[in-house]
Amino acid sequence: MAFIIVAGIVTHPDVVSVSDEKYAGMHGALDEFTPTIEEDMNEIFSLTEATARNLSGVSMGDSSVELALLQLRRDIPASYDTYIVDTNNTIQAITGTSEEQKSVGTQSCANITEEDLKSSKNTSIVTSFYTCNDGKKGIIVIAPIYEANGTYTGTIRVSLDTAYLFSGAVDQLRSDYGYTIWSIQQDGCLIYYEDTELLGKNTLNNEIYTEESSFNVAQLVTEKPEGNISYVFYNVGWVEKGLINAVWDTISFPDGTEWRIVLTDDISINNIDIDNEHSSSQFTTSELRTFVEKAYVYAQTHTKEEALKAFNDRNGEFINGELYIFAYDINGTTLALPYQTQLVGINRLQAEDITGVKFVQREIARTEQGGGYVYCQYPNPAKGFARELKFAYVMPINNNWFIGAGLYMDNTSFEPCGDMRNKMISQVRNFQYLSKIMPEDELISMLNNPNSSIQVDGLYPFASTYSGTILSYVMDPSVIGNNHLGYVNSYGMSIGREAIPLAQSGGGLIYSLVWDPELERDVYVLIYVEPVTEDTYYGSMIILE
Amino acid sequence: MVIRYKKTTQRQKHFIMAIILSTAVIIILVGGVFTSLFLSSYVIEKSLEDPDVLLHLNIVGDDIVVEIYGGRRVNELVLLSMHIEGQESHVVIDVPHGARDVVYYQAASGLTGSRMVEMRGIFSNGEDKLLSLITLKFT
């Protein structure tokens, strides 16, 4: 969204600074926010460099290499993968699924030489933002590995999801102050905003920037390490323009890399004139489903072009209050999104909500099961595009594309859970690590023991086979040994059938409703799963209510 | 007044003939393409407008639910026959008149991975017709 903000800047000859009163509050919030990212990055540098030192003189064939990489990945929840690259930029070892193991022996996407490392005084290097062939976007932290005699043997690398890196702290900032963040590199490349599909776009020269502007905020932000400005921009839905205040500062890393951290307010978003018809949630889940089914029949009895035209028509029959039909192809490219038509044609497969749930991937997964209900957090057009939990119903039109619509859950507000999410990811990755150093039945016993050292307060770990047999489930041990593929919550959602393919594809986050035997009702949960062995996946969950 | 005719050489005649022939071929081809496009879009439109039975399948736990949304022959539908890739037999189920959905209980039990699911309709005149062919991901 930062890009949209920047792209949407309009000619504004009377550019003004943020008012003193406003500035004090915003600057205070920024001063509180910036150190959290700095501390997280310093921790990542420290862990990466320590692992590099521990791997000094260790042969790539040694089992300690895999363990060291797993430990490092466990300790950095924002990491995608950890891997080792030799002096020829060839990947020698990597964590992850068998698919990811195929990259061993191939060239790394970031070619960093010993000279690069020497010029940064042998500290860790932070790369520019990149997009890998598999669609993963982020940065890489690279630390050199030296033999005891000082010979350079390669690097250890941690690929980081910047959305994960920022989102926990941004979620807290939004909750505490109502502000949000966008961040760019010195070259203008967007490394964080809540609309993660825009990450990697260059705010200075991307083609989306079409309006002539006499004042370019992105240029000012890249030129000056700190400052403040009020400017006019389009809101999230490109519905209308409004005034936004921004205060920014800079984070500098030991290798000279700088990130501008720009804190913005939501004044203009809150000022959007919402049609009264859109201002409250007046639909039931049953009406939501009927609405999507009506669109399904339409799509099945018209050409795809006719259907998409109707779904994208903001004055058409497929918009009713907060309900509107969206459509994607099975690869995640947007086909219809009436409130955000600028995203039509954009691939959103990797798009994440503020918690890190890849919502388009979740919708595709549900579609592949024939459709049904799915949860995500998404901007609510009726609430100034604020992120809210959305309960969507999706249906495949055929094996190539699908449609859906969603309801915002008015009575469901969750506290920011960034810290707990990170603990949950680390816990599951710890199971991966432990599975390499102890027999699986011993690990399962530890999982099933509520007093064992691997338990974390507020987390509910579990383990299952890929055929659905529950090996461990701390929340309800009575179901251990059962097959859970047939278990559904009150909305027909089967966690087992959702979690297995997610784990098989490398893991990730999902929202769901699960039965809490203590409360004797379904509760909202955030779940994280990862593959652990060839036959099993492990997971953990947080109750969000 | 003397009218003079320009003498046309054999080579010029061949050239003119070639142009005429090429033009005729292009016209025929373009006409053919447009006709086939029109016909195919007509067929597509026709099939879109008049599905025999419009239905939709989804997995709910261990069940497969078939939603019936109408169609010009929906009132003639008496049986639904489902075949899941990798399974030996078709599972046939009665469709009560006016039924909005039909549930194949436990049809997905124990199934994992992706499988093609074929749904056929048997009508009151005995006709057996393919209604849906979709790949479902069971896990």
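What you see is a predicted model, and the numbers here were worked out from it, not measured in a lab. (Residues numbered from 1 in each chain as written. Chains lettered and ligands numbered in written order. Predicted model: local features only at pLDDT ≥ 70, side-chain atom pairs only at ≥ 80, totals over all residues.)

**Q** Which residues make up the overall build of chain A, and what values go with them?
**A** Helix and strand counts for chain A stand at 14 helices and 23 strands. Per-residue burial for chain A yields a buried fraction of 48% across its 545 residues. Counting only contacts in chain A whose residues sit at least 6 apart along the sequence, the fraction spanning at least 24 positions is 57%. (Helix = DSSP H or I, 4+ residues; strand = E, 2+ residues; numbered from the N terminus. Buried ≥ 20, exposed ≤ 12 C-beta atoms within 10 Å, placed from the backbone. Contact = placed C-beta atoms within 7 Å.)

**Q** Residues and numbers for the overall build of chain B, please.
**A** Counting secondary structure elements, chain B contains one helix and seven strands. Of all 139 residues assigned to chain B, the portion counted as buried reaches 22%. Counting contacts in chain B only where the partners sit at least 6 residues apart, residues at least 24 apart contribute 52% of the total.

**Q** So what's going on with the interface of chain A and chain B? Which residues, and what values?
**A** Taken residue by residue, the interface counts 25 residues in chain A and 20 residues in chain B. Counting only elements with at least two residues in the side of chain A that touches chain B, the list comes to α9 (285-300) and α14 (495-504) of chain A. Tallied by class, residues from the side of chain A that touches chain B come to nine nonpolar, 13 polar and three charged. (Nonpolar A, V, L, I, M, F, W, Y, C, P; charged D, E, K, R; others polar.)

**Q** I'd like to hear about the pairing of strand β22 (residues 521-531) of chain A, residue by residue, with values.
**A** All names here are of chain A. Sheet topology places strand β21 (residues 508-516) next to β22; nine bridges connect them, and they run antiparallel. Along β22, the bridge assignment pairs Leu509 with Tyr528. With seven bridges connecting them, β22 and strand β23 (residues 536-543) associate as antiparallel partners. For Ile527, the partnering residue across the bridge sits in β23 and is Met541. Remark: four residues form the turn of the hairpin made by β22 and β23, two consecutive strands paired antiparallel. (Pairing = 2+ DSSP bridges.)

**Q** Run through the sheet that holds strand β19 (residues 462-465) of chain A, naming residues and quoting values.
**A** Residues and elements named next belong to chain A. Strand order in the open sheet made by the five strands is β20-β19-β23-β22-β21, with antiparallel pairing throughout. Of all the strands in the sheet, the pair left with one neighbour each is β20 (470-473) and β21. The average undirected angle you get between the axes of adjacent strands in this sheet is 30 degrees. Of the pairings in the sheet, the one linking β19 to β20 comprises three bridges and is antiparallel in character. When the sheet's bridge partners are listed, Phe462 is paired in β20 with Tyr473. Contacts between helix α13 (residues 440-448) and the sheet are confined to β19 and β20, with β20 contributing the most and set at about 35 degrees to the helix. In this fold α14 packs onto β19, β21, β22 and β23, with an angle of close to 25 degrees to the strand it touches most, β22. (Axes fitted to C-alpha atoms, helices over the stretch in contact; angles between N-to-C directions.)

**Q** I'd like to hear about the confidence of the model for chain A, residue by residue, with values.
**A** Residue and element names in this part refer to chain A. Taken residue by residue, chain A gives an average pLDDT of 88. The fraction at 70 or more is 89%. No element of chain A has a lower mean pLDDT than helix α8 (residues 267-270), which averages 42, and none a higher one than strand β14 (residues 326-329), which averages 98. Counted against residues more than four places away or in other chains, residues 1-14, with its pLDDT under 50, gives 48 contacts. Across residues 267-280 the pLDDT falls below 50, and counting only partners more than four positions away or on other chains, this stretch makes 26 contacts in the model. (pLDDT = per-residue confidence, 0-100.)

**Q** Tell me about the nonpolar core, residues and numbers included.
**A** A general trend in soluble globular proteins is that nonpolar side chains are found buried together. Residue and element names in this part refer to chain A. Within the largest apolar cluster, 78 residues are counted, with the highest numbers of intra-cluster contacts made by Ile325 and Ile403. Lining this core are residues from two domains, each supplying at least three of them: domain 3 (276-408) and domain 4 (418-543). Residues within four places of Ile403 in sequence aside, it is in contact with Val292, Ala295, Tyr296, Ala299, Ile325, Phe326, Ala327, Met395 and Ile397. Membership of the second largest hydrophobic core comes to 70 residues, among which are Leu69, Ile91, Ala143 and Ile181. (Core = buried A, V, L, I, M, F, W, Y, C linked by C-beta atoms within 7 Å. Domains from an automatic or database assignment.)

**Q** Could you give an account of the confidence of the model for chain B, naming the residues involved and the relevant values?
**A** Of all residues in chain B, 85% attain a pLDDT of 70 or more, and the chain-wide mean is 87. Model confidence for the complex is summarised by a pTM of 0.85, with the ipTM given as 0.83.

**Q** Before we move on, could you go through the environment of Ser472 of chain A and cite the residues and values that matter?
**A** Residue and element names in this part refer to chain A. Looking at the secondary structure, you find Ser472 in strand β20. With 50 residues separating them in the primary sequence, Ser472 and Asp522 have C-alpha atoms 19 Å apart. If sequence neighbours within four positions are ignored, Ser472 has contacts with Ile444, Leu447, Asn448, Pro461, Phe462, Ala463 and Ile480.

**Q** Would you mind going over helix α12 (residues 418-437) of chain A in detail, with residue names and values included?
**A** Residue and element names in this part refer to chain A. An ideal rise of 1.5 Å per residue puts 28 Å on 20 residues; α12 measures up with 29 Å between its terminal C-alpha atoms. Along α12, the residues classified as buried are Gly418, Met420, Arg421, Met424, Ile425, Gln427, Val428, Arg429, Phe431, Gln432 and Tyr433. Buried positions along α12 lie against α3 (63-75), α6 (162-177), α13, β22 and β23. (Expected span 1.5 Å × (residues − 1).)

**Q** Could you give an account of the pairing of strand β7 (residues 128-137) of chain B, naming the residues involved and the relevant values?
**A** Residue and element names in this part refer to chain B. Bridge count for strand β6 (residues 114-123) against β7 is nine bridges, and the pairing is antiparallel. By the bridge assignment for β7, Val117 is matched with Ile134. The loop that links β6 with its antiparallel partner β7 comprises four residues; one of these, Gly126, has a positive phi angle of about 90 degrees.

**Q** Can you tell me about unusual backbone geometry, naming the residues and giving the values?
**A** The backbone phi angle of Asn89 of chain A is positive, close to 65 degrees, even though this residue is not glycine. Tracing the sequence through the fold places Asn89 of chain A in the loop between β1 (79-86) and β2 (91-94). Phi angles above zero are rare outside glycine, and Gln106 of chain B is one such case at about 65 degrees. Mapped onto the elements, Gln106 of chain B comes out in the loop between β5 (101-104) and β6.

**Q** I'd like to hear about the environment of Gly86 of chain B, residue by residue, with values.
**A** Note that Gly86 of chain B resides in the loop between β3 (77-84) and β4 (91-94). A residue is classified by how many C-beta atoms lie within 10 Å of it, and Gly86 of chain B, with 9 of them, is exposed.

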